[in-house]
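Descriptive structure summary
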Amino acid sequence: MSSSNGVRSLADMSCDSLLSQLGKRIEEQKNGATYTIGGSIPITKPGSDGGSPQSSSAAPPEAGKPSTQGLAQALTAPITIRWDSTTAEGLISKVTLPCEPGDAASLEKLVNDCQPATFGHNGKDIYDETYRKATKLDTTAFSSTFNPYEVGIIDAIAQVLLPSLPGGDIFRGVRAELYKLNVYSGPSGKFKAHVDTPRGSAQFGSLVVCLPCDHDGGELVVRHQGNGIIYNWGNIGTEGTDAAEIQWAAFYSDCEHEVLEVKSGHRITLTYNLYITSGSGDLAGRCPSLDPTALPLYEAILSMLELPAFMTKGGFLGIYCSHAYAHTHEESIKHLPGSLKGSDMALYEIFKALNLEVDLKPILNDGALYDSDEDLPDSEEEDKSKRKRIGDKLYATEYSDVSTEWATKRELLEAWGNHARETVVWLTRPKHSGVAMTYLAYGNQAELGIMYSYAALIVKIPAFTKRNL
Ligand SMILES: O=C(O)CCC(=O)C(=O)O
Ligand SMILES: [Fe+2]
């Protein structure tokens, strides 16, 4: 791979100009100029510890604990392609790449069974060899053993290409949908400069995976805002490279790209459309593929709700979160409850599936102020520990200038935000606190008072007669 812009004159520049140019490039990069990424994945040789995506030198993991060793290099086994043969109805052919010398006929059959590849122009599919000289198989006509998720390609795309997209924060994920198998054969296979037709508004890019097959030429050039990157995956005549690697590149949908002429051999690629999705870390309450009724606690909670003796008159259940979420931090709040995880997410999903009102709320730890509590009638004294102050919603830390010297406790607490004092049956103990509010605490001298809050799931349990199970 090489960069096709602005490197020739570097040798003539002073150190200051070089540094200033580097600063400019880094600034551009920050502003989203990482428009393409790529890499390669070696193929394990038949007979070696083939197929395992982890290095074989990794120590065996401890029982029940995944090993984090051996993450250095993903490997892949040779790739097998099966496709509908065009010579006889219902006949399936197969080839494994890299191709062993005896399998050349299978490779030729694959090439011959591919259909001419068209391209989209003004809403029509056009076949024109002066613009695109390639063949293809549709996904209905072939399958392959290659999976870009297994070798970490999709994780890399999610981490590098997503963050610069609107709404593409770290909680978004990538879905790669296999689109075509293409063959560009030498001499003269090519695809002139074009921009891919986006399939739906969620598509943000394309992924091209070059399978291990001998060829020369056929460089993929990706351009964006005056910059360009060349991916040269050809191996014939290039010293030190062999075809025993998967090579790949991904780029944003607005990148112009082209495949230069293949001089010899067959350049075989799998193309994928890349879509932005709700990703790992943002799935609570929006994960249609998850069935909450299959979660271990679902049946247990359902059977309790079916019992008249269980909270007969209804009330609130409180479950303090078992993971920490920076729930008083403005940016993190935007991702809650979507970013709930582990048992917190499981419980949230279960209560939702049971048609119960469940909300993630901050519980104020104003215990330090209880000694001088004047706003509860005496009859409720013993109930105080249950009657926590529960925020209407999650609040970012309030840096209040209210001082205990002149404000009442009620005024102080009102500065935090709207809240109610509910009697809650607490099922777990508080675990992770966040700074809910700072204020001026006046004792012998003024100092900074800090009040903390805990995030908890608050579930409204209707009276037995009103349960909609
Ligand atoms: O094979 C490649 O490198 C890219 C092909 C391409 O641009 C396409 O299929 O739209
Ligand atoms: Fe394309």
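Everything numeric in this text was worked out from a predicted model, so none of it was measured.

Regarding the overall build of the protein chain
Each helix and strand counted, the protein chain has seven helices and 25 strands in total. A separation threshold of at least 6 residues defines the contact pool for the protein chain, and within that pool the share at least 24 residues apart is 76%.

Looking at the packing of aromatic side chains
Going through the model one piece at a time under the given rule, you end up with seven aromatic pairs. Seen from their ring centres, Tyr231 and Trp233 are 5.8 Å apart, and the 40 degrees between their planes marks the pair as tilted. Trp233 shares its class with Tyr231; the two are buried. A cation over an aromatic ring shows up here: Lys180 above the ring of Tyr179, its NZ or CZ 4.7 Å from the ring centre. Above the ring of Tyr184, the side-chain terminus of Arg267 is found at 5.4 Å from the ring centroid.

A short note on the pairing of strand β17 (residues 245–252)
In terms of burial, β17 is largely enclosed, as seven of its eight residues are buried. Bridging between strand β2 (residues 36–42) and β17 involves seven bridges; their strand directions are antiparallel. Each bridged residue has a counterpart across the sheet, and for Pro42 the counterpart in β17 is Glu245. The pairing of strand β13 (residues 203–210) with β17 spans six bridges and is classified as antiparallel.

Description of the sheet that holds strand β10 (residues 142–144)
Taken together, three strands build an open sheet; the order of strands is β4-β3-β10 and the sheet is antiparallel. Two strands close off the open sheet at either side, each with one partner strand: β4 (92–97) and β10. Along the sheet, successive strands turn relative to each other by an average axial angle of 15 degrees, direction set aside. Pairing geometry for strand β3 (residues 79–84) and β4, over six bridges, is antiparallel. Opposite Ile79, over in β4, you have Leu97 as the bridge partner.

Some remarks on the coordination of the iron ion (ligand 2)
Each pair of donors in an ideal octahedron of six around a metal sits at 90 or 180 degrees, and each pair in an ideal tetrahedron of four sits at 109.5 degrees. Taken together, the protein donors to the iron ion (ligand 2) comprise His194 (NE2), Asp196 (OD) and His257 (NE2), at separations of 2.0 to 2.2 Å. Every donor residue of the iron ion (ligand 2) comes from the same chain, spaced as H-x1-D-x60-H. Of the two residues, Asp196 sits in the loop between β12 (189–194) and β13 while His257 sits in strand β18 (residues 256–278), which places them 61 residues apart along the sequence. The exposure class of His257 is buried, given its relative accessible area of 5%.

Focus: unusual backbone geometry
Residues Gly186 and Pro187 are joined by a peptide bond in cis, for which omega reads -5 degrees. Tracing the backbone through its elements, the reader meets Pro187 in the loop between β11 (172–185) and β12. With an omega of 5 degrees, the peptide bond running from Leu336 to Pro337 counts as cis. Mapped onto the elements, Pro337 comes out in the loop between α5 (330–333) and α6 (342–353). Positive phi outside glycine occurs at Asn355, with the angle close to 60 degrees. When you line up the elements, Asn355 lands in the loop between α6 and β20 (357–365).

Digging into the environment of Lys334
Position of Lys334 relative to the elements: it lies in the loop between α5 and α6. Taking the C-alpha atoms as reference points, Lys334 and Leu394, 60 residues apart in sequence, are found 9.5 Å from one another. Within the structure, Lys334 has its side chain in polar contact with the side chain of Glu331 (distance 2.7 Å).

A few points about the nonpolar core
Ranked by size, the top nonpolar core spans 59 residues in total, and within it Ile157 and Leu207 carry the most contacts. Once residues lying within four places of it in the same chain are set aside, the contact partners of Leu207 are Pro148, Ile153, Ile154, Ile157, Trp248, Ala249, Ala250, Leu270, Thr271, Tyr272 and Leu274. Counting residues in each nonpolar core, the second largest holds 28 residues, with Tyr298, Leu302, Ile350 and Leu394 among its members.

Describing helix α2 (residues 104–113)
Within α2 the residues assigned to the buried category are Leu107, Leu110, Val111 and Asp113. Summarising the contacts, the buried residues of α2 are in contact with β3, β4, β5 (115–116), β9 (135–138), β11 and β18.

A short note on the pattern of salt bridges
In this structure the tally under the stated criterion is eight salt bridges. A salt bridge links Glu331 to Lys334, with the nearest nitrogen and oxygen atoms 2.7 Å apart. Salt bridges sharing partners connect three or more residues here, namely Lys136, Asp138 and Lys180.

A short note on the packing of helix α4 (residues 296–305) against α6
Two elements in contact, α4 and α6, have axes whose closest approach is 10 Å; the angle formed by their N-to-C orientations is 45 degrees. Relative to α6, the element α4 lies oblique. As for the relative orientation of α4 and α6, their crossing is right-handed in sense. Judged by residue contacts, Leu297, Tyr298 and Ile301 of α4 engage Leu347, Ile350, Phe351 and Ala353 from α6. Tallied by class, residues from the contact of α4 with α6 come to seven nonpolar, no polar and no charged.

Considerations on the side chain of Ser400
Counting through the fold element by element, Ser400 comes out in strand β22 (residues 398–403). Within the structure, Ser400 has its side chain in polar contact with the backbone nitrogen of Val402 (distance 2.9 Å). Once residues lying within four places of it in the same chain are set aside, the contact partners of Ser400 are Ala415, Met437, Thr438 and Tyr439.

Brief notes about the site of ligand 1
Close to ligand 1 lie 13 residues; His194, Asp196, Val208, His257 and Arg267 are nearest. Between ligand 1 and His194, the relevant distance is 3.1 Å, taken from an oxygen atom to a side-chain nitrogen or oxygen of the residue. Burial of ligand 1 by the protein amounts to 92% of the accessible area it has alone, namely 300 Å². Contributing elements (two or more residues each) for the shell around ligand 1: β11, β12 and β18.

Conventions and cut-offs
- Residues numbered from 1 in each chain as written.
- Chains lettered and ligands numbered in written order.
- Predicted model: local features only at pLDDT ≥ 70, side-chain atom pairs only at ≥ 80, totals over all residues.
- Heavy atoms only, no water.
- Helix = DSSP H or I, 4+ residues; strand = E, 2+ residues; numbered from the N terminus.
- Contact = heavy atoms within 4.5 Å.
- Phe/Tyr/Trp six-rings, centres within 6.5 Å; stacked < 30°, edge-to-face > 60°.
- Buried < 20%, exposed > 50% of the residue type's maximum accessible area, 1.4 Å probe, protein only.
- Lys NZ or Arg CZ within 6 Å of the ring centre and 35° of its normal.
- Pairing = 2+ DSSP bridges.
- Axes fitted to C-alpha atoms, helices over the stretch in contact; angles between N-to-C directions.
- Donors = N, O, S within 2.8 Å, 3.2 Å for Na, K, Ca; no water.
- Polar contact = N/O pair within 3.5 Å; in protein donor to acceptor, adjacent residues only side chain to side chain.
- Core = buried A, V, L, I, M, F, W, Y, C linked by side-chain atoms within 4.5 Å.
- Salt bridge = Lys/Arg side-chain N within 4 Å of Asp/Glu carboxyl O.
- Parallel < 35°, antiparallel > 145°, perpendicular 65-115°, else oblique.
- Left-handed = near helix turned anticlockwise from the far one by under 90°.
- Nonpolar A, V, L, I, M, F, W, Y, C, P; charged D, E, K, R; others polar.
- Near = heavy atom within 4 Å.
- Areas by Shrake-Rupley, 256 points an atom, 1.4 Å probe, with all protein chains shown as cover.

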